[in-house]
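Residues per chain, in single letters:
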Amino acid sequence: MKKKHFLPLMLLIGTVIFINACYYDKAELLYPTNAGATCDTSTVISYSSRVAPILRAQCYSCHSATGGSGNINMSTYANDKVIALNGKLYGSISHAAGYIAMPQGGGLMSSCDQAVIKKWITNGALNN
Ligand code: HEC
């Protein structure tokens, strides 16, 4: 190899290694729906501003309002409320025994997102 091509090549390889070394596969970073220093579940959790964005980012692609995967229909308040109140929503996202772990193939969602959804459900899964 000619000497003048060596340095650019090494820089390229170095950059590729560096970028790969920085790749950090964490659900919180990939889907930052409730990211932030603190996880605020102290107030009443709003379906429209806090719960729906999490579900939209991580669930609706497979569970549309009709004909969703596994016959689980989501993406409207009325539909989301059904699985919230029958225990399947929290059971699946917390990977509880007896439920199929969700999001499928996506790993456990962030603990903050889980806490937000749990609080919304215990508050009665309101349409707020
Ligand atoms: C990549 C597609 C995909 C994504 C994303 C996904 N699901 Fe699923 N989900 C499925 C499939 C497929 C099934 C049916 C699995 C089976 O029957 O074995 C299923 C089943 C379910 C069930 C039924 C579980 C049970 O125990 O009966 C629930 C509830 C559910 N999903 C909720 C969710 C929620 C909540 C999210 C978002 C956090 C989500 N899913 C994201 C594909 C997906």
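These numbers come from a predicted model, not from an experiment.

About the criteria used
Residues numbered from 1 in each chain as written. Predicted model: local features only at pLDDT ≥ 70, side-chain atom pairs only at ≥ 80, totals over all residues. Heavy atoms only, no water. Disulfide = S-S within 2.5 Å. Helix = DSSP H or I, 4+ residues; strand = E, 2+ residues; numbered from the N terminus. Buried < 20%, exposed > 50% of the residue type's maximum accessible area, 1.4 Å probe, protein only. Donors = N, O, S within 2.8 Å, 3.2 Å for Na, K, Ca; no water. Tetrahedral: all angles 85-135°; square planar, octahedral: opposite > 155°, others 65-115°. Near = heavy atom within 4 Å. Polar contact = N/O pair within 3.5 Å; in protein donor to acceptor, adjacent residues only side chain to side chain. Nonpolar A, V, L, I, M, F, W, Y, C, P; charged D, E, K, R; others polar.

Visitor: What's the story with the state of the cysteines in this structure? I'm lost.
Guide: Here the structure, examined in full by the defined rule, presents 1 disulfide. Shown here is the disulfide that connects Cys 39 with Cys 112, its sulfur atoms set 2.2 Å apart. For the disulfide bridge between Cys 39 and Cys 112, the dihedral angle about the S-S bond is near 90°, and by the sign convention the bridge is right-handed. With Cys 39 in the loop between helix H2 (27–30) and helix H3 (47–58) and Cys 112 in helix H6 (residues 111–122), this residue pair connects regions lying 73 residues apart in the sequence. Owing to a relative accessible area of 13%, Cys 112 belongs among the buried residues under this scheme.

Visitor: Help me out: how do you make sense of the coordination of the iron atom of the ligand in this one?
Guide: Ligation of the iron atom of the ligand by protein atoms is provided by His 63 (NE2) and Met 102 (SD), these donors lying 2.0 to 2.2 Å from the ion. Bound by 6 donor atoms, the iron atom of the ligand shows angles of 85 to 177° at the metal and therefore octahedral coordination geometry. Taken together, the positions of His 63 in the loop between H3 and helix H4 (77–85) and Met 102 in the loop between helix H5 (88–93) and H6 put the pair 39 residues apart, joining distant regions of the chain. A single burial state applies to His 63 and to Met 102, both of which are buried.

Visitor: Is there a simple way to explain the site of the ligand in this structure?
Guide: Contacts to the ligand come from 18 residues, most closely from Cys 59, Cys 62, His 63, Ile 100 and Met 102. A distance of 2.7 Å separates a nitrogen atom of the ligand from a polar atom in the side chain of His 63. Lys 88 places a polar side-chain atom, nitrogen or oxygen, 3.3 Å from an oxygen atom of the ligand. Per-element tally for the shell around the ligand: the top contributor is H5, with 4 residues. Taken together, the residues that form the shell around the ligand break down as 11 nonpolar, 6 polar and 1 charged.

Everything listed is a geometric property; what it means functionally is a separate question.
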